[in-house]
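A structural walkthrough
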Amino acid sequence: MTTAQTQELDVQPSPLALLLLGREADPRSERGVECPGDLPSPSDPDLVARARAAKEKLGNKVFVLGHHYQRDEVIQFADVTGDSFKLARDAAARPEAEYIVFCGVHFMAESADILTGDEQKVVLPDLAAGCSMADMATAEQVAECWDVLTEAGVAEQVVPVSYMNSSADIKAFTGKHGGTICTSSNAERALEWAFEQGEKVLFLPDQHLGRNTAVRDMGMSLDDCVLYNPHKPNGGLTAEQLRDAKMILWRGHCSVHGRFSLDSVNDVRARIPGVNVLVHPECKHEVVEAADYVGSTEYIIKALEAAPAGSKWAIGTELNLVRRLANRFAPEGKEIVFLDKTVCFCSTMNRIDLPHLVWTLESLADGKLVNQISVDRETEAFAKLALERMLALP
């Protein structure tokens, strides 16, 4: 088809295409938001001193949270480090802090805003720091999925369980429909609770965590799981498939953990005799099955802390954390390598760099509130309900 013919058809790019091209913004999505302000140059040799001075000027008014996947140049200024939910709870435990600077990604800052007081301001140094997994389930898509479940006659039997790595809108949907939130460390408990409430689970948005927990930890079969694809009519499933399934998995995944393959595991075992393979449960099912140990980021850290000197480990999670752990435990004679040969940072997490942090802290120190993350009251209420159900799990 010629250019002239294309013009005659008046073809217009879809909203999704514009979003991916960075030419539009979706306020209900994790991506596509510009970060205003003039950032200092990344080559500025005074960045560390500027960050330190601004943080000291703010004093107890600011509390800086650093996710495990952040780069070291940012982590050095974190008051606490941890996974997303631990950091959100740490923020809630510091009511005296006027500003919560979350060095993570958008959904994490949303969770912090939900759990902190109304007078506290949650700030994300770069508003474009989103999450590809959270992007894979929008409120509109999930509402359409519920309509499909209703038409199939199974909605009343379904309890939604949403991973912490989801937007506030998805958490609110979960709370509104009687479901709960889970983390990678308590997913099994969350699913056990859900199956006490209903016969089926809609697991959002990470298919791999849902599948691995159901099959590996709870003894279900792969046949008990079906994959709902929001880009296909009726999710690509028949009413019969939905009626037969126990686990309805959303077609979402982590762009970092999804890269690890069975070949990665086989290759590292061939290269490093006696190596222990330790992976995150967001990895593919075949990778988890081939690993020696599986667990959350906190589990990974604790496992390496307890590991004997001289042991060898291949870790399947984000590279910033693996490098930090390798450096930390090298003096103890522990050999720690990245599971894959290909470098794999979390690209959106890495948007939070030292220039963005300096700009944020200096702006706050000058009395200028920037990049505030604020969840509307109705969304917050239902999302908090889902989070409270998780906190009440035995």
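Residues numbered from 1 in each chain as written. Predicted model: local features only at pLDDT ≥ 70, side-chain atom pairs only at ≥ 80, totals over all residues. Heavy atoms only, no water.

On to the overall build of the chain, then. Within the chain, the secondary structure is distributed over 18 helices and 13 strands. The globule rule puts the C-alpha radius of gyration for 394 residues at 21 Å, and the 22 Å found for the chain is close to it. For the chain, the C-alpha atoms occupy an extent of roughly 65 × 60 × 55 Å along the three principal directions. Looking at the chain as a whole, 56% of its 394 residues qualify as buried. In the chain, the share of contacts with a sequence separation of at least 24, taken over all contacts with a separation of at least 6, comes to 68%. As presented, the chain carries roughly 17300 Å² of accessible surface, and 48% of it is formed by carbon and sulfur atoms. One finds the centroid of the 39 positive side-chain charges in the chain at a distance of 4 Å from the centroid of its 58 negative side-chain charges. (Helix = DSSP H or I, 4+ residues; strand = E, 2+ residues; numbered from the N terminus. Rg over C-alpha atoms; globule rule 2.2 N^0.38 Å. Buried < 20%, exposed > 50% of the residue type's maximum accessible area, 1.4 Å probe, protein only. Contact = heavy atoms within 4.5 Å. Areas by Shrake-Rupley, 256 points an atom, 1.4 Å probe, with all protein chains shown as cover. Lys, Arg positive; Asp, Glu negative; His and termini not counted. Charge placed at Lys NZ, Arg CZ, Asp CG, Glu CD.)

What follows is about the packing of helix 5 (residues 84–92) against helix 6 (residues 106–115). Close contact between helix 5 and helix 6 brings their axes to 8 Å; oriented N to C, the two are set at 35 degrees. In this structure, helix 5 meets helix 6 at a crossing whose hand is right-handed. The residues of helix 6 that touch helix 5, namely those facing Ser84, Phe85, Ala88, Arg89 and Ala92, are Phe107, Met108, Ser111, Ala112 and Leu115. In the contact of helix 5 with helix 6, the residues fall into 7 nonpolar, 2 polar and 1 charged. (Axes fitted to C-alpha atoms, helices over the stretch in contact; angles between N-to-C directions. Left-handed = near helix turned anticlockwise from the far one by under 90°. Nonpolar A, V, L, I, M, F, W, Y, C, P; charged D, E, K, R; others polar.)

Now for the confidence of the model for the chain. Close reading of the predicted structure is inappropriate where its pLDDT is low. On average, the chain scores 90 in pLDDT, and the residues at 70 or more come to 90%. Every residue in residues 15–25 is under pLDDT 50, and counting partners more than four places away or in other chains gives 12 contacts. (pLDDT = per-residue confidence, 0-100.)

So, about helix 18 (residues 377–391). With 15 residues, helix 18 should cover 21 Å at 1.5 Å per step; its first-to-last C-alpha distance of 20 Å lies within 8% of that length. Among all positions of helix 18, only Thr379, Glu380, Ala383, Ala386, Leu387 and Met390 are buried. For helix 18, the buried positions fall inside an angular range of 130 degrees around the axis, keeping them on one side. Of the exposed residues in helix 18, the ones pointing more than 90 degrees away from its buried face are Arg377 and Glu378. Structurally, helix 18 contributes buried residues whose contacts are with helix 5, helix 6, helix 9 (168–176) and strand 6 (180–182). Structurally, the start of helix 18 carries an N-cap: the backbone nitrogen of glutamate 378 is 3.3 Å from a side-chain oxygen of aspartate 376. (Expected span 1.5 Å × (residues − 1). Arc of directions from axis to C-beta. Polar contact = N/O pair within 3.5 Å; in protein donor to acceptor, adjacent residues only side chain to side chain.)

Residues Val101, Phe203, Met247, Val279, Ile336 and Leu361 are the most contacted members of the largest nonpolar core, which totals 106 residues. Judged by nonpolar contacts, the second largest core, of 21 residues, contains Leu149, Ile170, Leu242 and Ala245. (Core = buried A, V, L, I, M, F, W, Y, C linked by side-chain atoms within 4.5 Å.)

As for its placement among the helices and strands, aspartate 340 is situated in the loop between strand 13 (335–338) and helix 17 (354–365). The charged side chain of aspartate 340 is buried without a salt bridge, its nearest counter-charge being arginine 259 at 5.0 Å. In this view, aspartate 340 contacts Arg259, Phe260 and Ser264; residues no more than four positions away in its chain are not counted. (Salt bridge = Lys/Arg side-chain N within 4 Å of Asp/Glu carboxyl O.)

What follows deals with the sheet that holds strand 5 (residues 158–163). With parallel pairing, the 5 strands of this open sheet are ordered in space as 6-5-7-9-8. The open sheet is flanked by strand 6 and strand 8 (225–228), the only strands paired with a single partner. Here the average twist between neighbouring strands, direction ignored, is 25 degrees. Sheet topology note: the strand 8/strand 9 (residues 247–250) ladder contains 4 bridges and is parallel. Bridging across to strand 9, cysteine 225 finds its partner in methionine 247. On the sheet, helix 10 (residues 187–197) packs against strand 5, strand 6, strand 7 (200–204) and strand 9 and is oriented at approximately 165 degrees with respect to strand 5. (Pairing = 2+ DSSP bridges.)

Bringing the packing of aromatic side chains into the picture now. Counted under the stated rule, the structure contains 4 aromatic pairs. Taking the centre distance of 5.6 Å and the plane angle of 80 degrees together, the rings of tryptophan 146 and phenylalanine 173 count as edge-to-face. With a gap of 27 residues between them, tryptophan 146 in helix 8 (residues 139–151) and phenylalanine 173 in helix 9 connect regions that are remote in the sequence. Of the two residues, tryptophan 146 and phenylalanine 173, neither departs from the other in class, the shared state being buried. Across the ring face of phenylalanine 382, the terminal group of lysine 176 is positioned such that the distance to the ring centre comes to 4.9 Å. (Phe/Tyr/Trp six-rings, centres within 6.5 Å; stacked < 30°, edge-to-face > 60°. Lys NZ or Arg CZ within 6 Å of the ring centre and 35° of its normal.)

For strand 3 (residues 99–103), a buried count of 5 out of 5 residues is recorded, marking the element as mostly surrounded by other parts of the structure. Burial along strand 3 is two-sided: Tyr99, Val101 and Cys103 facing one way and Ile100 and Phe102 facing the other are all buried. Traced from strand 3 through helix 6 to strand 4 (residues 121–123), the parallel crossover comes out right-handed. (Right-handed = clockwise from strand over helix to strand, strands pointing away.)

Within the structure shown, the criterion is met by 0 disulfides. Note on cysteine 131: no disulfide assigned, nearest cysteine sulfur contributed by cysteine 346 at a separation of 6.8 Å. Looking at cysteine 131, the relative accessible area reads 12%, which means it is buried. Free of any disulfide, cysteine 182 has its nearest neighbouring cysteine sulfur in cysteine 131, separated by 14 Å. (Disulfide = S-S within 2.5 Å.)

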